[in-house]
Amino acid sequence: MSALFNIAAAGEEQPPLIPHPDELVIGLIAFAIVFFFLAKKLLPNINKVLEERREAIEGGIEKADAAKTEAESVLEQYKAQLAEARHEAARLRQEATEQGTVIIQEMRAEGQRQREEIVAAGHAQIEADRKAAAAALRQDVGKLATELAGKLVGESLEDHARQSRTIDRFLDELEGSTSKAEAGR
């Protein structure tokens, strides 16, 4: 570089790529002024904008983290509520099944009781019908026996008291002979 300054001092023509030393000093002073201006005025504004941007980004990240945490909390609550609802539904199904079983057992017991009442009523009706048929048969047999006896004897047996005694005695003898015949078998 000293060779270049020596050429410039010798009065020879200066090469076009090498600036004149006065221009170099003025350029350095101008650069220092611009650098000082940029460092004092523009750089704080740039740093301020960058800091605001960094804070906005960090705030956005914090808000996103808070929203994520809140969303996870809501999701956990939802899952807990869903699990509780499923548990409640299972419990209700179990209760309904148990109630259905109880109702079926009660209905069976009621049906059994009604069946037994109907059977008992049927037996009572059959017994009543049997007794009524036996009484009606006894009267018919007595009437026929009285008429037959009256025809055989040749006199009328219209006296009610005598007729009842005769009929009763005849039927008793008839039942006695029937039971002896059944016992002999």
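Residues numbered from 1 in each chain as written. Predicted model: local features only at pLDDT ≥ 70, side-chain atom pairs only at ≥ 80, totals over all residues. Heavy atoms only, no water.

Participant: Just to check I follow, could you spell out the overall build of the chain for this structure?
Facilitator: Along the chain, the regular secondary structure elements total 3 helices and 0 strands. Helices and strands appear in the chain in the N-to-C order α-α-α. Roughly 16100 Å² of accessible area belongs to the chain as shown, and the carbon and sulfur atoms make up 62% of that amount. (Helix = DSSP H or I, 4+ residues; strand = E, 2+ residues; numbered from the N terminus. Areas by Shrake-Rupley, 256 points an atom, 1.4 Å probe, with all protein chains shown as cover.)

Participant: Would you mind going over a nonpolar patch on the surface with me for this structure?
Facilitator: On the surface, Val34, Phe37, Leu38, Leu42, Leu43, Ile46 and Leu50 cluster together to form a nonpolar patch covering roughly 600 Å² of accessible area. Here Leu38 shows up in helix α2 (residues 21–153). (Patch = residues over 30% accessible without salt bridge, like charges linked within 9 Å, V, L, I, M, F, W, Y side chains within 5 Å. Salt bridge = Lys/Arg side-chain N within 4 Å of Asp/Glu carboxyl O.)

Participant: Could you clarify how one ought to interpret the pattern of salt bridges in this entry?
Facilitator: Charged atoms that come close allow side chains of opposite charge to pair. Applying the stated criterion across every chain, the model contains 7 salt bridges. Here Arg91 makes a salt bridge to Glu88, at a shortest N to O gap of 2.2 Å. Taken together, the positions of Arg91 and Glu88, both in helix α2 and 3 residues apart, correspond to about one turn of that helix. Arg113 is paired through a salt bridge with Glu117; the nearest N and O atoms lie 2.2 Å apart. Pair noted here: Arg113 and Glu117 are both in helix α2, with a separation of 4 residues, about one helical turn. Taking the relative accessible area as the measure of exposure, Arg113 reaches 36% and is therefore partly exposed. (Buried < 20%, exposed > 50% of the residue type's maximum accessible area, 1.4 Å probe, protein only.)

Participant: What am I meant to see in the environment of Arg165 here?
Facilitator: With respect to the element layout, Arg165 can be found in helix α3 (residues 160–184). We classify Arg165 as exposed; its relative accessible area is 52%. Separated by 23 residues in sequence, Arg165 and Gly142 place their C-alpha atoms 9.8 Å apart.

Participant: What exactly am I supposed to notice about the packing of aromatic side chains here?
Facilitator: The way to describe two aromatic rings as a pair is by their centre distance and the angle between their planes. One pass over the full model with this rule turns up 1 aromatic pair. For the ring pair Phe31 and Phe35, a centre distance of 6.2 Å and an interplane angle of 20° mean the geometry is stacked. Of this pair, Phe31 and Phe35 both sit in helix α2, separated by 4 residues, roughly a single helical turn. For the pair Phe31 and Phe35, a shared accessibility class is recorded, and that class is exposed. (Phe/Tyr/Trp six-rings, centres within 6.5 Å; stacked < 30°, edge-to-face > 60°.)

Participant: What is the right way to read the confidence of the model for the chain from this model?
Facilitator: The predicted coordinates should not be examined in detail at positions where pLDDT is low. When pLDDT is averaged across the chain, the result is 83; 86% of the residues are at 70 or more. The element-level mean pLDDT for the chain is lowest in helix α1 (residues 2–9), coming to 51, with α2 highest at 89. (pLDDT = per-residue confidence, 0-100.)

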